[in-house]
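Listed here are the chains, written in short residue letters.
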4 protein chains.
Amino acid sequence: MGRKRVTNYGVGEVGRWVSLTPTSRLFRRGWKVSAGCDGASLAGFVVQGSNGEFPLLTSSERLEVVSRVRQATSKDKLLLAGSGCESTQATVEMTLSMAQVGADAAMVVTPCYYRGRMSSAALIHHYTKVADLSPIPVVLYSVPANTGLDLPVDAVVTLSQHPNIVGIKDSGGDVTRIGLIVHKTRRQDFHVLAGSAGFLLAGYAVGAVGGICALANVLGAQVCQLERLCLTGQWEDAQKLQHRLIEPNTAVSSQPLAPKSGGVCVLIGAGAREGTGVPTQALPCQKVPLENIPGWELLVPPQKILTSDKVTRRFGIPGLKKTMDWFGYYGGPCRAPLQELSPAEEEALRMDFTSNGWL
Amino acid sequence: MGRKRVTNYGVGEVGRWVSLTPTSRLFRRGWKVSAGCDGASLAGFVVQGSNGEFPLLTSSERLEVVSRVRQATSKDKLLLAGSGCESTQATVEMTLSMAQVGADAAMVVTPCYYRGRMSSAALIHHYTKVADLSPIPVVLYSVPANTGLDLPVDAVVTLSQHPNIVGIKDSGGDVTRIGLIVHKTRRQDFHVLAGSAGFLLAGYAVGAVGGICALANVLGAQVCQLERLCLTGQWEDAQKLQHRLIEPNTAVSSQPLAPKSGGVCVLIGAGAREGTGVPTQALPCQKVPLENIPGWELLVPPQKILTSDKVTRRFGIPGLKKTMDWFGYYGGPCRAPLQELSPAEEEALRMDFTSNGWL
Amino acid sequence: MGRKRVTNYGVGEVGRWVSLTPTSRLFRRGWKVSAGCDGASLAGFVVQGSNGEFPLLTSSERLEVVSRVRQATSKDKLLLAGSGCESTQATVEMTLSMAQVGADAAMVVTPCYYRGRMSSAALIHHYTKVADLSPIPVVLYSVPANTGLDLPVDAVVTLSQHPNIVGIKDSGGDVTRIGLIVHKTRRQDFHVLAGSAGFLLAGYAVGAVGGICALANVLGAQVCQLERLCLTGQWEDAQKLQHRLIEPNTAVSSQPLAPKSGGVCVLIGAGAREGTGVPTQALPCQKVPLENIPGWELLVPPQKILTSDKVTRRFGIPGLKKTMDWFGYYGGPCRAPLQELSPAEEEALRMDFTSNGWL
Amino acid sequence: MGRKRVTNYGVGEVGRWVSLTPTSRLFRRGWKVSAGCDGASLAGFVVQGSNGEFPLLTSSERLEVVSRVRQATSKDKLLLAGSGCESTQATVEMTLSMAQVGADAAMVVTPCYYRGRMSSAALIHHYTKVADLSPIPVVLYSVPANTGLDLPVDAVVTLSQHPNIVGIKDSGGDVTRIGLIVHKTRRQDFHVLAGSAGFLLAGYAVGAVGGICALANVLGAQVCQLERLCLTGQWEDAQKLQHRLIEPNTAVSSQPLAPKSGGVCVLIGAGAREGTGVPTQALPCQKVPLENIPGWELLVPPQKILTSDKVTRRFGIPGLKKTMDWFGYYGGPCRAPLQELSPAEEEALRMDFTSNGWL
């Protein structure tokens, strides 16, 4: 990965970076992952994205989850951990700690409480500081639905030149913007990831090299299939599959799946793209108790942790958890102030899946 | 076009509808247009889109422009005219009048002043009334940057079943939404058109069958080329070209080109996609005076009118006009309250073209 | 009114300008109006505000309404007519025409379709042009709920220096902004009017000298009373009354009352502040047919026209019309695309009035 | 305070609650504070409002600051501490801890990261849980500029009935909403506080009983004077003073003042209304080192801590700190990611003070 610190940190594996054709600049050496169950390709996990309920966890809980996922995951699976906090100092410290407990790379959400002052200059300063001090590569994370803030394109372009900043997860859904970021960072070794399954196909079409898709927690094999169809140029089939995933994705967007009551976290996805490898059926699962947090437990398919990180526009984290239950995984309760779905909401959620043939 | 009134109104030609493969449901019989100059395929023109400054024209001026463009255009070119007004009654009347002066189809923008009351029900009522009474097919037009209002997906789906509503120009740029509209109208003969060159490739990728792109006024051949690359599956080259068009497109978005001082209107694009056929060089042009409006004149390349309709996010109509001047066309002054660009704005505008190799 | 053209146009009467104390700079000579019915003070009418459905009328209808209201109104009642259009040229022409049919002053809403280009410079240009050419004084009109655009404070300050611009109707509800405008125009003869009954008391408190309140169409006497309480320093009673008016005001905001099917327009308010003088009970009414528009009719209480212009945040024009019916006036149907209220909406509307003791 | 737990927690002193007249329902028994320095009336302090940079502090730092301010403040000064966190559980724990270190009441900001799911029901659940478990009274805190979220009026009304929820700091600036909240909670012992000096006068006019105003950190005496003018019915003078405070207030809004590099926090204001008692001149100050946080120090006027908590719309926390330096206090550096002002920003900031006669 050129001047990026790939050798040390295995940046190449943040996702199973792929591009539209094997010869494009974005093609990665493949980072062969031991195929997931049923032959699905699984690259790794994202922990503590927005759907991981990270703002609702204590610092120690955040580290606990990363540590547990690391232990439950084979070494050839990448572990991308969300380490963003409001202050620069806290983000630096959290990133360091997450690296210590086994994260392969850090995904850093934009600070947002003082959004009125979060100019490009302030954000560049923030990320530069974090990346300077982080022992692991940094992935930028822009999720305006939660933060009310888009990481400005000019800031992304500047930051893409930092040797320890390797990509961006863009959950905003503006494909023109995504295309522009790809274009303006084309001379950097910088990876643009679609932040939702809703525009995964379009993201690939304009040059994204992967996705981090919460929907993979429930329809993992389908998200994997969508990726493969894009990569192999089967656009017509890809289009049909993409279409059927939009409503389910919208329905379960904006949250994490959590073990146990208290709404913990976790989730990830195969590859930086969550869900590029988690089959939805026939997964013999086992529950792995989290020791230090009494009562917690992570649902873990054999040799891998369950995945997730989804930004639902409608039912959010409660919706994601509910569908995980439906699909035979463990969603579990939300952590307050998030509330469970009402019966009417649950009905509407189910409809988004049944009307597209997934339930 | 099934139960749509295609025979009478040639709806199929609203754009040179194309899809990703010749066998898909969206494929149209090709509606062969006499190739534009230099072999570019030109389908027709859009008059009185947002870049046509339609809200700044009087009713008689709006009709005058349509009439003039009709006269200046060969019959095998489609003429799509923007007939939207705030009131349902006025829209019906304007649509009727535009049909009388030669429009082949009507593009109807959402009413927006009372946006707080523009529920799906109100909008369905509005469009149904217009479509019921219109002698020509109706194309929905959603352009939230100007109207502050998205035509809701459920309203689009309902309206797609109307026999005289044949498609939508969606300028919002939310490709997830565009994909969902394509998906949910897949059983209708309903055409989804990308409303800007900024997301034309992504639009095709998720099932749009054309575009109405203001950028075609200045980079018409390039927009045509982008379409062809998409249609022939040359996605890698398409991606590169798309990337270079994003900044110029953004720079000149949101207005029309107008003949003469007073900022009139016009513009269109080859095909419903403006600009699928307007070469940028070597176009021998001639000025065609508008009789009834002293001093007006339309810049008309031999046998065709110049095109346009662009939603610029930065310099808008003044930016579009300025670049048209640069490219050898006639942009002309804006109509107040629109103002000319400042020198600094002009400089920034130029940069967006030069940095991408277009000037 | 100093250098303003008050002598000619009676600007002082645009509203019964008042200030908190008789000695402040804002005090006007009182412009004694012949008290409205039942002793209520009535200053005049506003025609074609947002609640007048002006965007839904044709140009000739707009003039017709002004003309009719002028004829139905005694000369000592001020007639303030909304003459704004999207283009500067059309606004100039409409203002001229309205002056010809009897308007005493023109209220000019900000153009908004090209809001992305409506910089302070563009808006200053627009209003300056209109004011330069208008034979009657101009009142600025900022109503972001409809236009998506606030007339910037710096533009207001600059425009306040124009000899033919005499005030602003600010419907945005940001009382900090209203106070700042009062402060920065304090050396001009410039009148700031609260654009809604929801913040009329607060407006007076920070220096506004009147209001244009749609609620006066149904609770005119109460709005008059609120004004008097503010003017006489009875703030405690004023506060109680203000509180009871907030929900009804919110419920009926954003539209006009219209005679006849087709939703015409009109409405006004006593004084530039609508409703400073329209009693709500015991008004013997008579219908006055509009000649040129078959079927139209204006409900006219003896010797005065009914009032209105209200920006409802919830039920808008349909809500205002419905409540007018309840109060014994003629609200009538809306003009499409506005739709009638659903039974559930009507129920909620009624609740906002009954829970505050007005029905 | 009726059924509220005032006896135990001295809720009455959260602010020096006052109303427009001594006989109104809002009148409090006066809670006489020992007059601040120079005779200014000082009610107490708010620590960890938005200007206290609370999201940028660690949990232990937040407690440290509260503890220090408590120690530096005489017992007859109220200490209101911001204890809000994203999760309900963390908020409960922080509130408990703040009570233990001496806070008299807790101010709880709305959680906001998952704003898409923060329905009235979720927020009611959150605040009820916190208030149930808090040993000290709770003040709701709505600050949409930072959170992108208004605490819905219906939720406020429901929560006002909780025996341990005593009021709301509303920083949104919508005076219609503030009036409605006062109206609908009039039968509760519930105190509405204006969250900014920009609309303090208007707030009093519609029934607010105090304010929490960051501007008091630099123009404390003036904010006190504004309160007194409102309370004594000198509305004309109040209006003039209010006008001169709007621009300075806007300029320094949205942040805290912090001692030492690292940007700590603190600030408050006299009374729940910050600044009702902090004179701006001639304050002999002394720096009080914070022991546990090496290098920290709080600027403390004799026997009291400096005040603040201001929501600047333009220069935010950096602007507030800078003006504190100008006025002879200690503002100090911001904590990252907040950045210092640029020279141009500093110039504009100064202009807002000089043009109103404060510098």
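Residues numbered from 1 in each chain as written. Chains lettered and ligands numbered in written order. Predicted model: local features only at pLDDT ≥ 70, side-chain atom pairs only at ≥ 80, totals over all residues. Heavy atoms only, no water.

Going by an unreviewed UniProt entry, chain A carries the name 4-hydroxy-2-oxoglutarate aldolase, mitochondrial and comes from Diceros bicornis minor. Its UniProt record gives chain A a comment under Function (unreviewed entry), which states: "Catalyzes the final step in the metabolic pathway of hydroxyproline." (UniProt positions renumbered as here; feature names shortened; annotations may be inferred.)

(A) Summary view of the overall build of chain A. A count of helices and strands for chain A gives 12 helices and nine strands. Of all 359 residues assigned to chain A, the portion counted as buried reaches 69%. A sequence separation of at least 24 residues applies to 76% of the contacts in chain A between residues at least 6 apart. Of the roughly 10,600 Å² of accessible surface on chain A, 52% is carried by carbon and sulfur atoms. (Helix = DSSP H or I, 4+ residues; strand = E, 2+ residues; numbered from the N terminus. Buried < 20%, exposed > 50% of the residue type's maximum accessible area, 1.4 Å probe, protein only. Contact = heavy atoms within 4.5 Å. Areas by Shrake-Rupley, 256 points an atom, 1.4 Å probe, with all protein chains shown as cover.)

(B) Summary view of the environment of Val252 of chain D. Here Val252 of chain D lies in the loop between α10 (235–251) and β8 (286–289). With 168 residues separating them in the primary sequence, Val252 of chain D and Gly84 of chain D have C-alpha atoms 23 Å apart.

(C) Structural view of the interface of chain C and chain D. With 30 residues of chain C at the interface, the matching set in chain D holds 30 residues. Counting each side, the surface lost to burial between chain C and chain D is near 2,500 Å², with a carbon and sulfur contribution of 59%. Taken together, the links from chain C to chain D amount to two salt bridges. Note that Lys184 of chain C is salt-bridged to Glu247 of chain D, the shortest N-O span being 2.7 Å. Seen at the junction of chain C and chain D, the total is 10 residue pairs in polar contact (both at pLDDT 80 or more). Sorting the residues of the side of chain C that touches chain D by element identifies α7 (175–184), α8 (200–205) and α10 (235–251) of chain C as the ones contributing at least two each. Residue classes in the side of chain C that touches chain D are distributed as 12 nonpolar, 12 polar and six charged. (Buried area = accessible area lost by both parts, 1.4 Å probe. Salt bridge = Lys/Arg side-chain N within 4 Å of Asp/Glu carboxyl O. Polar contact = N/O pair within 3.5 Å; in protein donor to acceptor, adjacent residues only side chain to side chain. Nonpolar A, V, L, I, M, F, W, Y, C, P; charged D, E, K, R; others polar.)

(D) Region of interest: the packing of helix α9 (residues 216–231) of chain A against helix α10 (residues 235–251) of chain A. All names here are of chain A. α10 packs onto α9 with a crossing angle of 145° between their chain directions and a minimal axis gap of 9 Å. For the crossing formed where α9 meets α10, the hand is left-handed. Across from Leu219, Gln222, Gln225, Leu226, Leu229 and Cys230 in α9, the residues of α10 making contact are Trp235, Asp237, Ala238, Leu241, Gln242, Leu245 and Pro248. Tallied by class, residues from the contact of α9 with α10 come to nine nonpolar, three polar and one charged. (Axes fitted to C-alpha atoms, helices over the stretch in contact; angles between N-to-C directions. Left-handed = near helix turned anticlockwise from the far one by under 90°.)

(E) Here's a closer look at the relation of the copies chain C and chain D. Aligned on chain D, chain C shows an RMSD of 0.0 Å; the corresponding rotation is 180° and the shift along the axis is 0.0 Å. Given the turn and translation reported, the copies of this chain are related as if by a two-fold rotation axis. Scanning chain C for the C-alpha nearest the rotation axis identifies Ala202 of chain C, at a separation of 2.5 Å. Here 100% of the contact residues of chain C are again contact residues in chain D; the copies associate through an equivalent surface. (Least-squares fit on C-alpha atoms with pLDDT ≥ 70 in both.)

(F) Inspection of the UniProt feature "transmembrane region" (unreviewed entry) in chain A at higher detail. When the UniProt feature table is mapped to this numbering, "transmembrane region" (unreviewed entry) covers residues 192–219 of chain A. For residues 192–219 of chain A, the helix share is 36%, the strand share is 18%, and the end-to-end C-alpha distance is 22 Å.

(G) Looking closely at the pairing of strand β5 (residues 165–170) of chain D. Residues and elements named next belong to chain D. The element β5 is largely enclosed, with a buried count of six among its six residues. Alignment of strand β4 (residues 138–142) against β5, held across five bridges, turns out to be parallel. Of the residues in β5, the one forming a bridge with Val138 is Ile165. In this structure, β5 lies alongside strand β6 (residues 191–194), joined through four bridges in parallel fashion. The residue of β6 that forms the bridge with Gly167 is His191. With helix α7 (residues 175–184) bridging β5 and the parallel β6, this β-α-β connection has right-handed handedness. (Pairing = 2+ DSSP bridges. Right-handed = clockwise from strand over helix to strand, strands pointing away.)

(H) Region of the structure containing the environment of Lys75 of chain C. Tracing the chain through its elements places Lys75 of chain C in the loop between α2 (59–72) and β2 (78–82). Lys75 of chain C sits 29 residues away from Asp104 of chain C along the chain, and the two C-alpha atoms are 9.9 Å apart.

(I) Focus on the pairing of strand β3 (residues 105–109) of chain B. Residue and element names in this part refer to chain B. By the criterion of burial, β3 is predominantly enclosed, with five of the five residues buried. Alternating residues of β3 divide into Ala105, Met107 and Val109 and Ala106 and Val108, and every residue in both groups is buried. Sheet topology note: the strand β2 (residues 78–82)/β3 ladder contains three bridges and is parallel. In the strand pairing of β3, Gly82 is matched with Met107. Of the crossover connections in this fold, the one passing from β2 over helix α3 (residues 88–100) to the parallel β3 is right-handed. In this structure, β3 lies alongside strand β4 (residues 138–142), joined through four bridges in parallel fashion. Directly across from Val108, in β4, lies its bridge partner Leu140. Taken together, β3, helix α4 (residues 120–133) and β4 constitute a β-α-β crossover, and its handedness is right-handed.

(J) Expanded view of the interface of chain A and chain D. Between chain A and chain D, the contact holds 38 residues from the first and 38 residues from the second. Of the roughly 2,900 Å² buried between chain A and chain D on both sides combined, carbon and sulfur atoms contribute 57%. Counting the surface chain A buries against chain D, the share from its top three residues, Tyr113, Tyr114 and Arg117 of chain A, is 31%. Summed over the shared surface of chain A and chain D, the number is two salt bridges. Between Arg117 of chain A and Glu345 of chain D there is a salt bridge, with the nearest N and O atoms lying 3.4 Å from each other. Between chain A and chain D we count 16 residue pairs in polar contact (both at pLDDT 80 or more) in total. Of all the secondary-structure elements, those providing two or more residues to the side of chain A that touches chain D are α4 (120–133), α5 (144–147) and α11 (316–326) of chain A. No other element matches α5 of chain A, which puts four residues into the side of chain A that touches chain D. Of the residues in the side of chain A that touches chain D, the class split is 20 nonpolar, 12 polar and six charged.

(K) Structural view of α2 of chain C. The end-to-end C-alpha distance of α2 of chain C, which contains 14 residues, comes to 20 Å, matching closely the 20 Å that a straight helix rising 1.5 Å per residue would cover. What α2 of chain C keeps buried is the set Glu61, Arg62, Glu64, Val65, Val66, Ser67, Arg68, Val69 and Arg70 of chain C. (Expected span 1.5 Å × (residues − 1).)

(L) Main features of the relation of the copies chain A and chain D. The operation relating chain A to chain D is a screw motion whose rotation component is 180°, with 0.0 Å of axial translation and a residual RMSD of 0.0 Å. A share of 100% of the interface residues of chain A reappears at the interface of chain D, consistent with the copies meeting face to face through the same patch.

(M) Region of the structure containing the nonpolar core. Within the largest apolar cluster, 189 residues are counted, with the highest numbers of intra-cluster contacts made by Leu140, Leu215 and Phe353 of chain A together with Leu140, Leu215 and Phe353 of chain B. Sequence-distant contacts of Phe353 of chain A, defined by excluding residues within four places in its chain, comprise Leu215, Val218, Leu219, Pro248, Val252, Thr323, Phe327, Trp358 and Leu359 of chain A. Leu338 of chain A together with Val47, Ala103 and Phe190 of chain C belong to the second largest nonpolar core, which has 188 residues in total. (Core = buried A, V, L, I, M, F, W, Y, C linked by side-chain atoms within 4.5 Å.)

(N) Examining the domain arrangement of chain A more closely. By the assigned domains, chain A splits into domain 1 (44–269) and domain 2 (315–355). Each of domain 1 of chain A and domain 2 of chain A has a C-alpha centre, and the two are 22 Å apart. (Domains from an automatic or database assignment.)

(O) The pattern of salt bridges, seen in detail. The final tally for this structure, using the stated rule, is 36 salt bridges over all chains. Taking the shortest distance from any N to any O, the salt bridge between Glu53 of chain B and Lys321 of chain B comes out at 3.9 Å. A residue pair is termed long-range when its members are at least 10 positions apart, and Glu53 of chain B in the loop between β1 (44–47) and α2 (59–72) and Lys321 of chain B in helix α11 (residues 316–326) qualify at 268 residues. The same class applies to Glu53 of chain B as to Lys321 of chain B, namely buried. Close ionic contact of Arg70 of chain B with Asp104 of chain B constitutes a salt bridge, the shortest N to O distance being 3.0 Å. In this pair, Arg70 of chain B sits in helix α2 while Asp104 of chain B sits in the loop between α3 and β3, placing the two residues 34 residues apart along the sequence. Within this structure, Asp150, Asp170 and Arg177 of chain A form a network of salt bridges that share partners.

(P) Region of the structure containing α4 of chain A. All names here are of chain A. The first and last C-alpha atoms of α4 sit 20 Å apart over 14 residues, in line with the 20 Å expected at 1.5 Å per residue. Listed as buried for α4 are Ser120, Ala122, Leu123, His126, Tyr127, Val130 and Ala131. Each buried residue of α4 lies within a common arc of 165° when the element is viewed along its axis, so the set occupies one face. Check the buried side of α4 and you find it contacts α3 (88–100), β3 (105–109), β4 (138–142), α6 (153–159) and β5 (165–170). (Arc of directions from axis to C-beta.)

(Q) Molecular detail of unusual backbone geometry. All names here are of chain A. Note that the residue after Ala336, namely Pro337, is joined by a cis bond; omega there is 15°. Mapped onto the secondary structure, Pro337 falls in the loop between α11 and α12 (343–354). Positive phi values are uncommon outside glycine, yet Gln48 reaches one of about 70°. Looking at the element boundaries, Gln48 is found in the loop between β1 (44–47) and α2 (59–72).

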